[in-house]
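Given next are the chains, with one letter for each unit.
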Amino acid sequence: MSFFTAFLDLLFPKKCVFCARVLNSSNEGWCNKCKVSLPFAENYGRQSGEIFDFCIAPLYYTDVVRHSILRYKFRDSSYYAPVYAKLLAQCIKDCPDLNYDIISWVPLSKEREHKRGYDQALLLAEATASILDNEVTATLIKSRDAGAQSELGDKEQRSKNISGAYTAADPNNIKNKHVLLIDDIITTGSTLDECAKVLLDAGAQSVVCAVLARGR
Ligand SMILES: [Zn+2]
């Protein structure tokens, strides 16, 4: 470590992306305590969708994970993405029956991306794809800002709200492909089902999903 980096670390100590404890230089983005005590999901956090085949997730969306993801989305913490990606890529590698040709993501609307400064699902997908020696393919466009799904109650309300919000990008990239769709979280699955519907309508063979965290 150069004197300059050491000096910077002293001024701006690196913190665990999950619990925000100050890290020493050997920790890569998350602390030793979180490595053993995060709410890791069982059975790859696997759940079925109505339209997508299934979704896997390394973590449950509780406590420290929830707070971390909220900081990632709303407090200019785009540098969390490579740390999250390590967990997500490992979950994808370990899952025995997850097959895909292309990796894509659930995009924000251009307006929302501009406001936030980054598209958090795209950053997560890019960092994950890079670990898997792959790259991302744009398959979806969010043409209508549907408002926050999190402010709506049940699955029926959420499905109605999100219906028609996405359109397919270039169908040549989608046709006959097995798509792995990446997002940050899954709650009712309405958003991922809507995206899967658009992709299947555009000719995709199958859609599986991988997210960082799911509800318990
Ligand atoms: Zn931690």
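Residues numbered from 1 in each chain as written. Predicted model: local features only at pLDDT ≥ 70, side-chain atom pairs only at ≥ 80, totals over all residues. Heavy atoms only, no water.

Undergrad: Explain the overall build of the protein chain here, please?
TA: Per the secondary structure count, the protein chain includes 8 helices and 8 strands. Taking 216 residues into account, the globule formula puts the C-alpha radius of gyration at 17 Å, and the protein chain, at 18 Å, falls close to it. Reported as C-alpha extents along the three principal axes, the dimensions of the protein chain are approximately 55 × 35 × 30 Å. Taking all 216 residues of the protein chain together, 49% fall into the buried category. Across the protein chain, the fraction of contacts at a sequence separation of at least 24, relative to all contacts at a separation of at least 6, is 71%. When the accessible area of the protein chain is evaluated, it comes to approximately 11100 Å², of which 50% is carbon and sulfur surface. With 26 positive and 26 negative side-chain charges, the protein chain shows a separation of 6 Å between the mean positions of the two kinds. (Helix = DSSP H or I, 4+ residues; strand = E, 2+ residues; numbered from the N terminus. Rg over C-alpha atoms; globule rule 2.2 N^0.38 Å. Buried < 20%, exposed > 50% of the residue type's maximum accessible area, 1.4 Å probe, protein only. Contact = heavy atoms within 4.5 Å. Areas by Shrake-Rupley, 256 points an atom, 1.4 Å probe, with all protein chains shown as cover. Lys, Arg positive; Asp, Glu negative; His and termini not counted. Charge placed at Lys NZ, Arg CZ, Asp CG, Glu CD.)

Undergrad: Looking at this structure, I do not really get the coordination of the zinc ion. What am I missing?
TA: Each donor-metal-donor angle would ideally measure 109.5 degrees in four-coordinate tetrahedral geometry, or 90 or 180 degrees in six-coordinate octahedral geometry. Taken together, the protein donors to the zinc ion comprise Cys16 (SG), Cys19 (SG), Cys31 (SG) and Cys34 (SG), at separations of 2.3 Å. Seen from the zinc ion, its 4 donor atoms lie at angles of 105 to 118°, and the figure they make is tetrahedral. Donor residues binding the zinc ion come from one chain and are separated in sequence as C-x2-C-x11-C-x2-C. When sorted by exposure, Cys31 lands in the same class as Cys34, which is buried. (Donors = N, O, S within 2.8 Å, 3.2 Å for Na, K, Ca; no water. Tetrahedral: all angles 85-135°; square planar, octahedral: opposite > 155°, others 65-115°.)

Undergrad: Help me understand the packing of aromatic side chains, please; the structure alone is not making it clear to me.
TA: Working definition: an aromatic ring pair is given by the centre-to-centre distance plus the angle between the planes. Applying the stated criterion to the full structure yields 7 aromatic pairs. A centroid spacing of 5.7 Å and a plane angle of 45° characterise the contact between Phe18 and Tyr84, whose relative ring orientation is tilted. Of this pair, Phe18 sits in the loop between helix H1 (3-11) and helix H2 (32-37) while Tyr84 sits in helix H4 (residues 81-94); the two residues are 66 residues apart in sequence, bridging distant segments of the chain. The buried category is assigned to Phe18, whose relative accessible area is 1%. Taking the centre distance of 6.4 Å and the plane angle of 5° together, the rings of Tyr72 and Tyr80 count as stacked. (Phe/Tyr/Trp six-rings, centres within 6.5 Å; stacked < 30°, edge-to-face > 60°.)

Everything listed is a geometric property; what it means functionally is a separate question.
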